[in-house]
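# Descriptive structure summary
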Amino acid sequence: MINNSKLLRFLVRSPLPLFVFIIMPAALVLSIALHVPLPFRITQRMLLFNNCVLLLFIAARLLHYLSGLRQAIRYGEVAHPSSAALAPARPAAQIRDDMKKEGFSWNADGSYAEKRDRGYLGTVLIYGGIFLLLFIGTWENLSQFSGTLLHGVGIPADLTKRNSYYPLSRGILASISGLPKLEVTKQIFASSTYNRGASEITLWPGNGNKPIRTTLVGSGDPYQYKGYDIFLAKQLVDVGFSLKSRSNRNKLLFSDSIKLSPLWKKEGDYSMYGTFKTPAGDEGEAFYNPDRKVFRFTVAREGKNVLDTEYVLYQYREKEVGDFVMSITAMGNWSEIHVVRRRHMDMLWVGGIIALLGLIMRIAIRPQRVWLEETPEGCRVWGLGKDAERRLMV
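Let us look at the structure shown here. Within any chain, residue numbers begin from 1 and follow the written order of that chain's sequence. Confidence filtering applies because this is a predicted model: local features only for residues at pLDDT of at least 70, side-chain atom pairs given and counted only at 80 or more, and all residues used for totals across whole chains, interfaces and linings. Calculated side-chain values reflect all of the structure's heavy atoms, with hydrogen atoms and water omitted.

### Considering the overall build of the protein chain
Regarding its fold elements, the protein chain presents eight helices and 19 strands. Note on method: radius of gyration uses C-alpha positions; expected globular size equals 2.2 Å times residues raised to 0.38. Over its C-alpha atoms the protein chain spans a radius of gyration of 35 Å, topping by over 25% the 21 Å that the globule rule assigns to 394 residues. For the C-alpha atoms alone, the extent of the protein chain along its principal axes is close to 115 × 60 × 35 Å. Here the contacts in the protein chain between residues at least 6 apart in sequence split such that 58% fall between residues at least 24 apart. Here the Shrake-Rupley method, with its probe set to 1.4 Å, supplies the accessible areas, and only the displayed protein chains count as covering residues. For the protein chain, the accessible surface area stands at approximately 22600 Å², while carbon and sulfur atoms represent 57% of it. Only four residue types enter the charge count, namely Lys and Arg as positive and Asp and Glu as negative; His and the chain termini do not. The atoms used to mark charge sites are NZ of Lys, CZ of Arg, CG of Asp and CD of Glu. Looking at charge distribution, the protein chain has the averaged site of its 50 positive side-chain charges lying 4 Å from that of its 34 negative ones. Numbering of helices and strands runs from the N terminus; a helix is a DSSP stretch of H or I covering at least four residues, while a strand is a stretch of E covering at least two. Contacts are assigned to residue pairs with any non-hydrogen atoms lying within 4.5 Å of each other.

### Brief notes about the nonpolar core
Among the nonpolar cores identified, the biggest contains 22 residues, and Phe241, Leu243, Ile258, Leu260, Phe295 and Phe297 are the most heavily contacted of them. Elements represented by at least two residues in this core include exactly β10 (228-245), β11 (252-267), β12 (270-277), β13 (283-289), β14 (294-301), β15 (304-312) and β17 (324-341). Here this core takes four residues from β10, the largest share from any one element. The set of buried Ala, Val, Leu, Ile, Met, Phe, Trp, Tyr and Cys residues whose side-chain atoms join them within 4.5 Å is what this entry labels a nonpolar core. The buried label applies to any residue whose accessible area, calculated with a 1.4 Å probe on protein chains only, is under 20% of its type's maximum; exposed applies above 50%, and partly exposed to all values in between. Residues Leu159, Ala174, Leu179 and Tyr225 belong to the second largest nonpolar core, which totals 20 residues.

### Considerations on helix α7 (residues 345-364)
For a helix, the expected span equals 1.5 Å multiplied by the residue count minus one. Relative to the 28 Å expected for 20 residues at 1.5 Å per residue, α7 spans 29 Å between its end C-alpha atoms, a close match to the ideal helical length. Taken residue by residue, α7 has Gly351, Ala355, Gly358 and Arg362 as its buried positions. Around the axis of α7, the buried residues are gathered within 60° of arc, so they sit on the same side. Residues of α7 that are exposed and point more than 90 degrees away from the buried face comprise Asp346, Trp349, Ile363 and Ala364. Residues of α7 that are buried sit in contact with α6 (119-142). Here, the arc refers to the directions that run from the helix axis to the C-beta atoms.

### Things to note about a nonpolar patch on the surface
A surface patch of nonpolar side chains, amounting to about 840 Å² of accessible area, comprises Met345, Trp349, Ile353, Leu356, Leu357, Leu359, Ile360 and Ile363. Mapped onto the elements, Leu357 comes out in helix α7. Overall, Leu357 belongs to the partly exposed group, its relative accessible area being 49%. Residues forming no salt bridge and having over 30% relative accessible area are the ones grouped into patches, like charges within 9 Å of each other and nonpolar side chains (Val, Leu, Ile, Met, Phe, Trp, Tyr) within 5 Å. Between Lys or Arg on one side and Asp or Glu on the other, a salt bridge is scored when a side-chain nitrogen of the former is within 4 Å of a carboxyl oxygen of the latter.

### Details of the sheet that holds strand β19 (residues 378-384)
Pairing between the strands of a sheet is mediated by backbone hydrogen bonds and can be parallel or antiparallel. A pair of strands is labelled paired if DSSP reports no fewer than 2 bridges between them. Pairing is antiparallel across the open sheet formed by four strands, whose spatial order is β1-β2-β18-β19. Edge positions in the open sheet fall to β1 (104-106) and β19, since each of these has one partner strand only. The average angle at which neighbouring strand axes cross in this sheet is 20°, direction not considered. Bridge count between β1 and strand β2 (residues 112-115): three bridges; the pairing is antiparallel. Its bridge partner lying in β2, Phe104 is registered against Lys115. Convention adopted: a line fitted to C-alpha atoms gives each axis, helices being fitted over their contacting stretch, and angles between N-to-C directions are expressed from 0 to 180 degrees.

### Notes on the side chain of Thr309
Mapping Thr309 onto the fold places it in strand β15. The exposure class assigned to Thr309 is buried, which follows from its relative accessible area of 10%. A polar contact is formed between the side chain of Thr309 and the side chain of Lys319, at a distance of 3.0 Å. Leave out the neighbours within four places in its chain, and Thr309 touches Phe295, Arg296, Phe297, Lys319, Val321 and Met326. As used in this structure description, the phrase polar contact means that two N or O atoms lie within 3.5 Å; if the pair is within protein, one of them must be able to donate a hydrogen and the other to accept it, and residues adjacent in sequence are counted only when both atoms belong to side chains.

### Thoughts on the sheet that holds strand β8 (residues 212-217)
The four strands lie next to each other as β4-β6-β7-β8, forming an open sheet whose pairing is antiparallel. Since the sheet does not close on itself, it has two edges, and those belong to β4 (157-158) and β8, each with one partner. Sheet topology places β4 next to strand β6 (residues 181-188); two bridges connect them, and they run antiparallel. Opposite Asp158, over in β6, you have Lys181 as the bridge partner.

### As for the side chain of Thr298
If you trace the backbone, Thr298 turns up in strand β14. With sequence-adjacent residues up to four places away left out, Thr298 is seen in contact with Phe276, Glu283, Gly284, Glu285, Leu307 and Asp308.

Treat this as a map of the structure, not an account of what it does.
In structure tokens form, the structure reads like this:
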């Protein structure tokens, strides 16, 4: 493989072009981690375009090196080492014959020779592994799907409908046409059996297929369905809470929903927790015990508690406590379920291992190359690699 073109050598051999594709991801990391301001906004489409062009660039290099596997001259004679040349006592013709017996192949004019080495295969493996990593990563990005649905016991949610999810992240090649309907049949709050709660669900595939019943455990293993993972993130309670002044019931201090999530560790008898803030700036907390159907509400004003009481669900229409009148106006139990397209992490590992093996081969096995220049006094030679240098010193 003879590469006399400087542009070709720069494109297929120099590491400098690869750094161009690192600029955008590095700038994004700096802007996020170190809050470095950027002159422009880096979007997901820009990163995807950057990766696609890099993928084509790596593919071109891979094809270039693959084409050289069967050739005798792989690296090319472009430039000899900058070290001082040797002036052996042998004539040039004898040097060529001796090196040929050692397995070296000469170019057409006899000015350059190299010996086939497995280190070249290491370079092929490096680019092959990187190509596999980039290809799988780019494909995963194009076909990614990650959707969250808040669903309670009742009517099944159609997982093929975009409005079933919020939020939703999907690639331009993502397709969810084969997903079933999902029905939550039972919600189990945090207990000694299920520390993060659980939801019993039924999947309705349609087309006459039998329904699939399973239990999703909070923070547990997902249920796998046709390349997708379906898992329960947590159980949520959404409660409508109203707080009025006792001296003036027309004065509404707070009226909004409070979202309670499972606690990692129970607070007394309470396993769920949420916060709220009144328009006046008072800080509020809400605790919930699903087993006893009991809430605990606290309100702090300027660091001092002005309300701390329990509220038994369905026992009161309104409850008067101190200077306040409180009531629960609505309540919903939700299962936060995520539907995520499964990533091919095993293939990413394979690509990384291939590239690492190639790097080890390339470092351990160095090229064996010889440059020869005939002079009126005889010849000068340069050697690169232990085998070449040893033979030239004879």
